[in-house]
Amino acid sequence: YKYMPEPYKVKMVEPLRILEKEERLEAIKKAGYNTFLLNSRDVYIDLLTDSGTNAMSDRQWAGIMMGDEAYAGSENFYHLQETVQEIMGLKYVVPTHQGRGAENILSQILVKPGTYVPGNMYFTTTRAHQEMNGGTFVDVVIDDAHISDKEDVAFKGNIDLQKYENLINEVGAENIPYICVGVTVNLAGGQPVSMKNLREVYELSQKNGIRVMFDCTRYVENAYFIKTKEEGYQDKTIAEIVKEMFSYADGATMSGKKDGIVNIGGFLAMNEEDLYHKACALVVVYEGMPSYGGMSGRDMEAFAIGLKEALDFNYIKHRVEQVEYLGNKLIEAGIPIVRPIGGHAVFLDAKKFLPHIPQNEYPAQVLAAEIYIESGVRTMERGNVSAGRNKEGKEYFPKLELVRLTLPRRVYSYAHLDFVAQAIINTYNRRDEIKGLKFSYEAPVLRFFTGRFERL
Ligand code: F0G
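Cut-offs and rules
Residues numbered from 1 in each chain as written. Predicted model: local features only at pLDDT ≥ 70, side-chain atom pairs only at ≥ 80, totals over all residues. Heavy atoms only, no water. UniProt positions renumbered as here; feature names shortened; annotations may be inferred. Pairing = 2+ DSSP bridges. Helix = DSSP H or I, 4+ residues; strand = E, 2+ residues; numbered from the N terminus. Axes fitted to C-alpha atoms, helices over the stretch in contact; angles between N-to-C directions. Contact = heavy atoms within 4.5 Å. 1 Å grid on protein atoms, 1.4 Å probe; cavity = no way out; pocket = protein on both sides within 12 Å on 5 of 7 lines; lining within 4 Å. Points joined across faces, edges and corners; volume = space filled by probe spheres on them. Nonpolar A, V, L, I, M, F, W, Y, C, P; charged D, E, K, R; others polar. Near = heavy atom within 4 Å. Polar contact = N/O pair within 3.5 Å; in protein donor to acceptor, adjacent residues only side chain to side chain. Areas by Shrake-Rupley, 256 points an atom, 1.4 Å probe, with all protein chains shown as cover. Core = buried A, V, L, I, M, F, W, Y, C linked by side-chain atoms within 4.5 Å. Buried < 20%, exposed > 50% of the residue type's maximum accessible area, 1.4 Å probe, protein only. Phe/Tyr/Trp six-rings, centres within 6.5 Å; stacked < 30°, edge-to-face > 60°. Lys NZ or Arg CZ within 6 Å of the ring centre and 35° of its normal. Parallel < 35°, antiparallel > 145°, perpendicular 65-115°, else oblique. Right-handed = clockwise from strand over helix to strand, strands pointing away. Lys, Arg positive; Asp, Glu negative; His and termini not counted. Salt bridge = Lys/Arg side-chain N within 4 Å of Asp/Glu carboxyl O.

- Looking at an unreviewed UniProt entry, the protein carries the name Tyrosine phenol-lyase, with the source organism given as Alkalicella caledoniensis.
- Taken directly from UniProt, the Cofactor (unreviewed entry) text for the protein runs: "pyridoxal 5'-phosphate".
- As stated in UniProt under Catalytic activity (unreviewed entry), the record for the protein gives "L-tyrosine + H2O = phenol + pyruvate + NH4(+)".

The structure is reproduced here in structure tokens:
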């Protein structure tokens, strides 16, 4: 076989509705041409995100029944803590309700006005927390990451060490509380970072006394790419690769809603005791006791089990190959997508898909809306709307103007993906008719979540 068949079978189903085209037109108009504002009952195949949309296993559901809902000292917290310590080798674990809860705590402790936080491309919530604490995010990803069709780069999420070193020389290591290394890099297209690069980033950081904090939201996908693409890792297990990856980190934030294969959850983990005490002092303000951090006992149990399941090679091979299957179908049809195909999603290049729409008329936003109208498939804008505005109020106009087709874990079949590919091809065939959008409502931060648009 070319693509790994499902390493699981179906035990329960959730029926889906398919609206008529007229109803879809009505629904997207009501949603202000923002797929975030659609009702999920109006969606046929939901590729908005892989976040919290995963199917849990029978074992995870069994774990749900074992929830110890004590206000303090829940048994399930100890299970989660042990699991993180065992898999990642990090010493201290502070649970949070999801990834941004951990980002909030980390940023409040370490990011001060006038400091700089380098990272391999921004992520929306991560950068928002850094900026809200007065920090400046600095993109130090390799240039190739910003070129959508540059496909001969296996590890497009790598840090450009020269850019990182230049920043250290320019602003001084004392003004860089940590470097945030995303494994994988979501907005570059789910692109991985090589072990070699992680090692070098850690060495340079150590030399300068700068902490390395992973955003390990999709770390298993990253480990899979290291195993399949990096010299010397073919015979190592995913668990061994993960262990080595984290030996080059001082801590991590994680959204469990992705590679934890759960619907909610996250954590902040670290090796530094002082940082841990500060994080515990803040977690009680924003999330809950340091033994639940916004999760119920049953959530923590499902999370601990999910973390272990995700290390299974067949699980992750199938997950990444589903993405590859969809991506290759689109490439064969001549649709412009980000290459190489990443770990969690296929990203359409909206600038190339709709070359007649300028970036200030939000080509990716309108493309996501049109795909929904075409098929009932929900996707997400990851371009100028997501990038938002800088401190001066100017739009960022990122190089990448993308629509993300994000695959939830263990949810859709290859037949669903055939349907999605056809929907994109149909939309591509009528691309000349599509016109741009303008904002009718824009929130000051993270505007993509709630923004509303009108057709031009
Ligand atoms: N870091 C990365 C790389 C992410 O992709 C996300 C979430 C977060 C942090 C924040 O985690 O949602 O649990 O608070 N990404 C989702 C997505 C929302 O659709 O890509 P969270």
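### Some remarks on the sheet that holds strand S12 (residues 402-406)
- Strand order in the open sheet formed by three strands is S9-S12-S11, with antiparallel pairing between adjacent strands. For this open sheet the edge positions go to strand S9 (345-349) and strand S11 (380-382), each flanked by a neighbour on one side alone. With direction set aside, neighbouring strand axes in the sheet form an average angle of 35°.
- Bridge count between S9 and S12: five bridges; the pairing is antiparallel. Bridged to Leu348 within S12 is Val403.
- Its contacts with the sheet put helix H12 (residues 313-332) on S9 and S12, and the angle it makes with S9 is roughly 25°.
- The sheet strands contacting helix H14 (residues 363-375) are S9, S11 and S12, and the helix crosses S12 at an angle near 40°.

### Section: empty space enclosed by the protein
- Per the stated rule, a full pass over the model turns up four cavities of 30 Å³ or more.
- The space that makes up the largest cavity amounts to roughly 50 Å³.
- As for the largest cavity, its lining consists of Glu103, Leu106, Ser107, Thr126, Gln130, Tyr178, Cys180, Met213, Phe214, Asp215 and Thr253.
- Grouping the constituent residues of the lining of the largest cavity by class yields five nonpolar, four polar and two charged.

### A few points about the layout of surface pockets
- Approximately 1500 Å³ is the volume found for the largest pocket.
- Surrounding the largest pocket, 36 residues form its lining, Met12, Ala55, Met56, Arg410 and Val411 being those nearest its centre.
- Residue contributions to the lining of the largest pocket peak at three residues, all from helix H2 (residues 58-64).
- In the lining of the largest pocket, the residues fall into 16 nonpolar, eight polar and 12 charged.
- By volume, the second largest pocket amounts to about 560 Å³.
- Residue lining of the second largest pocket: 39 residues in total, with Phe123, Thr124, Thr125, Asn186 and Lys258 positioned closest to the centre.
- Those elements that provide at least two residues to the lining of the second largest pocket are helix H4 (99-110), helix H5 (124-132), strand S5 (178-182), strand S7 (251-255), S11 and helix H17 (447-450).
- Among the elements that line the lining of the second largest pocket, the one with the most residues is H5, at five residues.
- Partitioned by chemical class, the residues of the lining of the second largest pocket number 14 nonpolar, 16 polar and nine charged.

### Examining the site of the ligand
- Close contacts around the ligand come from 17 residues, with Arg100, Asp215, Ser255, Lys258 and Arg404 the closest.
- Take Arg218: an N or O atom from its side chain is 2.9 Å from an oxygen atom of the ligand.
- Here an oxygen atom of the ligand and a side-chain polar atom of Arg404 are 2.7 Å apart.
- When the ligand is considered free in solution it has 470 Å² of accessible area, and contact with the protein chains removes 95% of it.
- Residue contributions to the shell around the ligand peak at three residues, all from H4.
- By residue class, the composition of the shell around the ligand is two nonpolar, eight polar and seven charged.

### Points about the nonpolar core
- Ranked by internal contacts, the top residues of the largest apolar core, which has 63 residues, are Met88, Phe214, Tyr219, Met245 and Phe246.
- At six residues, the largest contribution of residues to this core is made by helix H8 (residues 219-229).
- Excluding anything up to four places from it in sequence, Met245 contacts Val183, Met195, Leu198, Phe214, Tyr219, Asn222, Ala223 and Ile226.
- Listed in part, the 54 residues of the second largest apolar core include Tyr33, Met380, Ile425 and Ile434.

### Some words on the packing of aromatic side chains
- The full count for this structure, using the stated rule, is 19 aromatic pairs.
- With 5.2 Å between their ring centres and 80° between their planes, Phe36 and Phe449 make a pair best called edge-to-face. Linking Phe36 in the loop between helix H1 (21-30) and strand S1 (45-46) with Phe449 in helix H17, this pair joins segments that are 413 residues apart in sequence.
- Grouping aromatic residues by their ring pairs yields a cluster made of Tyr3, Tyr325 and Tyr414.
- One cation-aromatic arrangement involves Arg431 over Tyr428; the distance from NZ or CZ to the ring centre is 3.9 Å.

### Description of the packing of H8 against H12
- The contact between H8 and H12 brings their axes to 10 Å, and the two run at 90°. By the angle between their directions, the pair H8 and H12 is classed as roughly perpendicular. For the pair formed by H8 and H12, the contact residues are Val220, Glu221, Tyr224, Phe225 and Lys227 on the first element and Phe313, Ile316, Lys317, Arg319, Val320 and Glu321 on the second.
- Class assignment for the residues of the contact of H8 with H12 results in six nonpolar, no polar and five charged.

### Quick look at the pairing of S5
- Counting buried residues in S5 gives five out of five residues, a clear majority hidden from the surface.
- Relative to strand S6 (residues 211-215), S5 is paired through five bridges, and the arrangement is parallel. If you follow Ile179 over to S6, its bridge partner there is Val212.
- As a crossover connection, the stretch from S5 through helix H7 (residues 195-208) into S6 is right-handed.

### Focus on the side chain of Lys156
- Along the chain, Lys156 turns up in the loop between strand S4 (136-139) and helix H6 (161-171).
- Buried charge without a partner: Lys156 forms no salt bridge, and the closest opposite charge is Asp149, 6.7 Å away.
- In terms of polar contacts, Lys156 uses its side chain to reach the backbone carbonyl oxygen of Ile147, at 2.8 Å.
- A polar side-chain atom of Lys156 sits 2.7 Å from the main-chain carbonyl oxygen of Arg339.

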